Amino acid sequence: MSEIAISLKNISKCFKRYHHPIDRLKEILLPGKSRADQFWALRDINLEIPKGQTFGIVGSNGSGKSTLLQIIAGTLTPTSGEVVVNGRISALLELGSGFNPEFTGRQNVFFNGRLLGLSQKEIEDKFDPITSFADIGDFIDQPVKTYSSGMYVRLAFAVAINVDPDILIVDEALSVGDAKFQLKCFLKLKKLQEKGVTVLFVSHDSNSIKRYCQKAMLLNQGQKIIETLPNVVINHYTRLLFPEDEKNTVPNPKQELASSLSNLSEQRRTLEYRYGSHRGEIKDIRIENHEGRETLCFTSCERMIARLKVLVKDGVVNPLFAMTLKDSKGEDIYVTNTYFKNIDIPPLTAETLVEITFEQYLMVCPGNYFLSFGFVSLEEGTVFPIDRRYDVINLKVIPSTNDLSQGLVNLNSKITVKIEESTCVVVNS
Ligand SMILES: Nc1ncnc2c1ncn2[C@@H]1O[C@H](COP(=O)(O)OP(=O)(O)OP(=O)(O)O)[C@@H](O)[C@H]1O
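Note that the coordinates shown come from a computational prediction; the quantities given were computed from them, not determined experimentally. (Residues numbered from 1 in each chain as written. Predicted model: local features only at pLDDT ≥ 70, side-chain atom pairs only at ≥ 80, totals over all residues. Heavy atoms only, no water.)

Visitor: Would you take a moment to explain the pattern of salt bridges for this structure?
Guide: Once their charged atoms are close, side chains differing in charge can pair, the charge on each being opposite to the other. Under the definition given, this model contains 19 salt bridges. Here K145 makes a salt bridge to E102, at a shortest N to O gap of 3.0 Å. A residue pair is termed long-range when its members are at least 10 positions apart, and K145 in the loop between helix 4 (120-134) and helix 5 (149-162) and E102 in the loop between strand 5 (89-92) and helix 3 (105-115) qualify at 43 residues. Its salt-bridge partner being R274, residue D387 comes within 2.8 Å of it at the nearest N-O pair. On the criterion of sequence distance, the pair formed by D387 in strand 18 (residues 382-398) and R274 in strand 10 (residues 273-275) is long-range, its members being 113 residues apart. Assigned by exposure class, D387 and R274 land together as buried. (Salt bridge = Lys/Arg side-chain N within 4 Å of Asp/Glu carboxyl O. Helix = DSSP H or I, 4+ residues; strand = E, 2+ residues; numbered from the N terminus. Buried < 20%, exposed > 50% of the residue type's maximum accessible area, 1.4 Å probe, protein only.)

Visitor: Sorry, what's going on with the sheet that holds strand 3 (residues 54-58) here?
Guide: Strands pair in a sheet through their backbones, by hydrogen bonds, and they do so in one of two ways: parallel or antiparallel. In spatial order, the strands read 5-6-7-3-8-9; together these six strands make up an open sheet with mixed pairing. Both outer strands of the open sheet, strand 5 and strand 9 (223-228), are each paired with one neighbouring strand and no more. Neighbour-to-neighbour, the strand axes of this sheet turn through a mean angle of 15°, independent of strand direction. Summarising the sheet, strand 5 and strand 6 (residues 167-171) pair through four bridges and their orientation is parallel. (Pairing = 2+ DSSP bridges. Axes fitted to C-alpha atoms, helices over the stretch in contact; angles between N-to-C directions.)

Visitor: Just checking my understanding: could you explain the site of the ligand for this structure?
Guide: Around the ligand sit 13 residues in total, of which R17, G62, K65, S66 and T67 are the nearest. A distance of 2.9 Å is found between an oxygen atom of the ligand and a side-chain nitrogen or oxygen belonging to R17. Measuring from an oxygen atom of the ligand, one finds a side-chain N or O atom of N61 at 2.9 Å. Considered on its own, the ligand offers 640 Å² of accessible surface; in the complex 65% of this is hidden by protein. Of all the secondary structure elements, the ones that give two or more residues to the shell around the ligand are strand 1 (4-18), strand 2 (36-50) and helix 2 (65-73). Looking at the shell around the ligand, the element that brings in the most residues is helix 2, giving three residues. When grouped by side-chain class, the residues that make up the shell around the ligand number three nonpolar, eight polar and two charged. (Near = heavy atom within 4 Å. Polar contact = N/O pair within 3.5 Å; in protein donor to acceptor, adjacent residues only side chain to side chain. Areas by Shrake-Rupley, 256 points an atom, 1.4 Å probe, with all protein chains shown as cover. Nonpolar A, V, L, I, M, F, W, Y, C, P; charged D, E, K, R; others polar.)

Visitor: Looking at this structure, how should I read the sheet that holds strand 4 (residues 80-85)?
Guide: The sheet built from three strands is open, its strands ordered 2-1-4 with antiparallel pairing. Taken across any chain shown, the strands that pair with only one partner, and hence form the sheet edges, are strand 2 and strand 4. This sheet shows a mean twist of 25° between the axes of neighbouring strands, independent of strand direction. With five bridges connecting them, strand 1 and strand 4 associate as antiparallel partners. Looking at strand 4, one finds that S7 is bridged to V84. Contacts from helix 2 reach strand 1, strand 2 and strand 4 within the one sheet, and its direction differs from that of strand 1 by about 120°. (Contact = heavy atoms within 4.5 Å.)

Set out below in structure tokens:
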């Protein structure tokens, strides 16, 4: 048995685009002359997803994500290339696909189950778990066209996860449900992951991609830009979302970094993702403990100070300085900036040096963390990155000697145990 769940080799998809609807008819009636433009929604996509992996796909609107998922799910044929899928696929594609709007929810459950290769008996056995997960009450016997989008996605998700898929494809659909339903879905998703189901997951929510996926891919204009760890992919994706002229990376980031932070470890140097317009530069970052000593290792709840030296090269009218703490998977733990903190910074003129200090307590449990810093300008509600240095600092947080508590945040709890009879009081501070 192959250990690969999904294999794509040189997948391309070309759509025909007609300027006027009538052109399509003309082409049929008067064959020989094409009246359409060719539009390549996907170009030369190669991908191998091992069994049991949860794989994320990100990209801006129109980048080709849904087209790719439809090709994997078998509902769309590629123009060229080869798709190999090992196992039963259950796909929760865009709203509107999958169910027949004229059929009732019940009829659609049976119809979909049969399409997925289940016997009548198997669907009957799964019907109760499906309806209880969907929790749409009597609507199960109403035509699907009368459903709200939330009800639709509840039933679609309930079917998709209850048909014992080997591969589950989820296309952004979860964003439609309410918070309670989303949580229920993610808990179920975790269970499926534990059972070894391969999950393909499209989302615009960066934290979900980082939280649930082991690997991810960024699509842009139909091409694969990068395929690696989710955090790195999201860093690239975030950069793509900004205006063209603000994307210029610092000319030679590694060299720049090495010169400005020559005292930092090799690990820190290779992890950084840096971009911005270069109208200014975060020249120096110094991380200190409560004694003012430079360090990257802190005890849980210890005071940590980050000192930045920023060189302004071109005037910036509305500057903003930011810091983010991420966990080892790249999920945001804490995001702060001068705007959130209501700090008004006057316009900065060229050739000024600015010193910024972020002072805080590391109220997190032991583990590896990353710090990112940013210098941006805010112009009419739009953020223009000047120098963003993602994951530039790798911090280690170790437990304090009398506290082995676990989790994400450290609430620094004080536990009191009072035993009535002996009136013995044990205090842990
Ligand atoms: N049937 C079609 N005919 C012509 N063009 C199409 C067709 N389907 C998709 N496209 C185009 O292909 C491109 C990729 O579309 P796709 O829906 O795959 O993008 P996406 O990344 O899923 O976008 P979104 O995040 O908005 O859902 C878009 O420019 C879209 O207009």
